[in-house]
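The residues making up each chain are set out below.
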Amino acid sequence: MCVLTRSSWIKVNRGFSLLSVNQLEAALADFSTAIKLDETFGAAFLGRGQVYLQLNDIDQAVHNFNQAMQLLSILIISSPYDPSWRLYRAQAHRYLAGYTTRPGSESQLYHMRRALKDIGEALKLNPKLAPALIEQACEFVELQRFDEARENLRKALEHSPTSTPTCLLIPVCLRLHQHSHTMAVVPESTEIIKNLQEIQGRYARLALVPSVGDGATSAAIIAAVESMLAWASETAH
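Not measured: the values here are computed from a predicted model.

Draft legend 1. The arrangement of the overall build of the chain in detail. Across its full length, the chain carries 12 helices and 0 strands. Looking at the chain residue by residue over its 237 residues, the buried ones come to 50%. Taking contacts inside the chain between residues at least 6 apart in sequence as the whole, the part at least 24 apart equals 64%. As presented, the chain carries roughly 11,400 Å² of accessible surface, and 53% of it is formed by carbon and sulfur atoms.

Shown next, in the form of structure tokens:
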């Protein structure tokens, strides 16, 4: 069983918090430090790949995603009952599907299938795992399966009302923005993302991950995310 140091976990957690509020250089430093501390820490490579992606360094991003996928596969073998490694690997597959293959190619379909399989396996290990439920909701939004996305979001908030990271809601909002007229019909969606990012930013430097149960997060934010999904579901039918 692989044992990762507490210091590397702190760096990775803070790195993802900083990444969610677009503090790229600080996030890159944290992920790189975590890799120096634990060179087998696949999640650190995943985070660093996301930073390079934001910096438009696609080659470095792909290299880190491939490293993450390989290292996370080893962690899954050594800790088969820990769903977090499967969730991280699913994200690596998703990024590789989007940036290393042609749309519709067999390679892209392979990575997409592997991502969905990993999320499904993570949920088998822990059906109440909020990050996996929300990651799957993001995939459902991509597939325009909005009712299922709403159900996943409901389950995540129901199972973990005080520990669901607010930053996990941001990708759901961003994916919904990609669908026509969402911004016009639900104008508060821009404010939702802004509020979530501000909350996340207040915690990032403390290496903490704020949850939707925190007093700083109003119920109105959750209701607005729900309204975005509801509108998208209605217009899709």
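The rest of the description comes next.
Draft legend 2. Structural context of helix α5 (residues 83-99). Along its 17 residues, α5 runs 25 Å from first to last C-alpha, staying within 8% of the 24 Å computed at 1.5 Å per residue. Most of α5 sits inside the fold, with 14 of its 17 residues counted as buried.

Draft legend 3. The packing of aromatic side chains, seen in detail. Within this structure, the stated rule accounts for 7 aromatic pairs. Here Phe-41 and Trp-85 contribute two aromatic rings whose centre-to-centre distance is 6.2 Å and whose plane-to-plane angle is 80°, an arrangement assigned as edge-to-face. With Phe-41 in the loop between α2 (24-37) and α3 (42-54) and Trp-85 in helix α5, this residue pair connects regions lying 44 residues apart in the sequence. For Phe-41, a relative accessible area of 0% corresponds to the buried category. Seen in terms of ring centroids, Phe-65 and Tyr-95 are 4.7 Å apart; in terms of plane orientation they differ by 5°. Their pairing is stacked. Separated by 30 residues along the polypeptide, Phe-65 in helix α4 (residues 58-78) and Tyr-95 in helix α5 bring together distant segments of the chain. Taken individually, Phe-65 and Tyr-95 each receive the classification buried, so the pair is uniform in this respect. Among the aromatic residues, ring-to-ring pairing joins Trp-9, Phe-16, Phe-31, Phe-41, Trp-85 and Tyr-88 into one connected group.

Draft legend 4. Structural detail: the pattern of salt bridges. Enumeration according to the criterion identifies 5 salt bridges in this entry. Arg-89 is paired through a salt bridge with Asp-118; the nearest N and O atoms lie 2.8 Å apart. Of this pair, Arg-89 sits in helix α5 while Asp-118 sits in helix α6 (residues 106-125), and the two are 29 residues apart along the sequence. Like Asp-118, Arg-89 is buried. A salt bridge links Lys-124 to Glu-121; the shortest N-O distance between them is 3.6 Å.

Draft legend 5. Structural view of unusual backbone geometry. Positive phi, close to 65°, is recorded for Asn-56, a residue that is not glycine. Position of Asn-56 relative to the elements: it lies in the loop between α3 and α4. A residue is classified by how much of its surface remains accessible, and Asn-56, at 62% relative accessible area, is exposed.

Analysis parameters
- Numbering of residues starts from 1 in every chain and runs along the sequence as written.
- Under the rules for a predicted model, residues below a pLDDT of 70 receive no local features and side-chain atom pairs below 80 are neither given nor counted, while totals for whole chains, interfaces and linings still include all residues.
- Derived side-chain values reflect all non-hydrogen atoms in the structure, with water molecules and hydrogen atoms excluded from consideration.
- Numbering of helices and strands starts at the N terminus; helices are DSSP runs of H or I of at least 4 residues and strands are runs of E of at least 2.
- Any residue under 20% of the maximum accessible area for its type is buried, any over 50% is exposed, and the rest in between are partly exposed; the area is computed with a 1.4 Å probe on protein chains only.
- Throughout, a contact is declared for two residues whenever any of their heavy atoms are within 4.5 Å.
- For the accessible areas, the method is Shrake-Rupley and the probe is 1.4 Å, while residue cover comes only from the protein chains on display.
- Expected span of a helix: the number of residues minus one, times 1.5 Å.
- Geometry of aromatic contacts follows a simple scheme: Phe, Tyr and Trp rings, the Trp one being its six-membered ring, pair when their centres are within 6.5 Å, and the pair is stacked under 30 degrees between planes, edge-to-face over 60, tilted otherwise.
- The salt bridge criterion pairs a side-chain nitrogen of Lys or Arg with a carboxyl oxygen of Asp or Glu, the two atoms within 4 Å.

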